[in-house]
Amino acid sequence: MTLGLTRWTPTSDLFRDRFSRLLEHAMDDSIATSDPTKALGSRHWMPAVDIKESDEALTLSAELPGLGKGDISLTVEDNVLTLTGERVFEKDAEKESYHRIERAYGAFSRSFTLPSNVRTDSVEATFIDGVVTIVIPKADEAKARNIEIQ
């Protein structure tokens, strides 16, 4: 089954993750001002997502610390699963004296193309301890089965 995603490999992801962090760090520094709260609206972030596959289903787990289940939305349309939400900066910036703000705030969106052999009408999602877990069952014809040899 093909997800339209590449399989995780430690060597390729190590380089990609380090390069991405380097670019993010460079962008964050260019946005920085003497008032760190002014840069909040321009910061972008994406939750980390793990995807695993079993004989029965695909499971996606996304880290969303500091959010509640009312802060996120999950849709499936044309075999594309989309997770969206927003982390809002709730502190009164005028009363606080921030020296550094490293946590990302603002809207996010992650979309995943699903294979054709899943049941998008039976997707289930749970939200526990800042992690949303999405289970997408496979269609019966996609599940592994034993074939009797004649």
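Residues numbered from 1 in each chain as written. Predicted model: local features only at pLDDT ≥ 70, side-chain atom pairs only at ≥ 80, totals over all residues. Heavy atoms only, no water.

A.B. asks: Honestly, the environment of glycine 106 in this entry has me stumped. Any pointers?
C.D. replies: Note on placement: glycine 106 falls in strand 5 (residues 106-113). For glycine 106, a relative accessible area of 15% puts it in the buried group. Separated by 60 residues in sequence, glycine 106 and methionine 46 place their C-alpha atoms 9.9 Å apart. Residues within four places of glycine 106 in sequence aside, it is in contact with Trp45, Gly85, Glu86 and Arg87. (Helix = DSSP H or I, 4+ residues; strand = E, 2+ residues; numbered from the N terminus. Buried < 20%, exposed > 50% of the residue type's maximum accessible area, 1.4 Å probe, protein only. Contact = heavy atoms within 4.5 Å.)

A.B. asks: Any chance you could explain the confidence of the model for the protein here in plain terms?
C.D. replies: Model confidence for the protein is summarised by a mean pLDDT of 78, while 65% of its residues fall at 70 or above. Taken as a whole, residues 29-37 scores under 50 in pLDDT and shows 10 contacts with residues more than four places along the chain or in a different chain. (pLDDT = per-residue confidence, 0-100.)

A.B. asks: Looking at this structure, I do not really get the nonpolar core. What am I missing?
C.D. replies: Nonpolar side chains in soluble globular proteins generally cluster together in the buried interior. Core analysis: the largest hydrophobic core is formed by 17 residues, its most contacted members being Leu64, Leu81, Phe108, Val132 and Ile136. Only strand 2 (57-63), strand 4 (80-87), strand 5 and strand 7 (131-137) provide two or more residues apiece to this core. Apart from residues no more than four positions distant in its own chain, phenylalanine 108 is found in contact with Trp45, Pro47, Leu64, Leu67, Ile72, Leu83, Thr84, Gly85 and Glu86. (Core = buried A, V, L, I, M, F, W, Y, C linked by side-chain atoms within 4.5 Å.)

A.B. asks: Help me out: how do you make sense of the sheet that holds strand 3 (residues 72-77) in this one?
C.D. replies: The 3 strands lie next to each other as 3-4-5, forming an open sheet whose pairing is antiparallel. Two strands close off the open sheet at either side, each with one partner strand: strand 3 and strand 5. Across the sheet, the mean angle from the axis of one strand to that of its neighbour is 15°, orientation sign disregarded. Of the strand pairs in this sheet, strand 4 and strand 5 are connected by 8 bridges, and their pairing is antiparallel. When the bridges of strand 5 are listed, glutamate 86 appears paired with alanine 107. (Pairing = 2+ DSSP bridges. Axes fitted to C-alpha atoms, helices over the stretch in contact; angles between N-to-C directions.)

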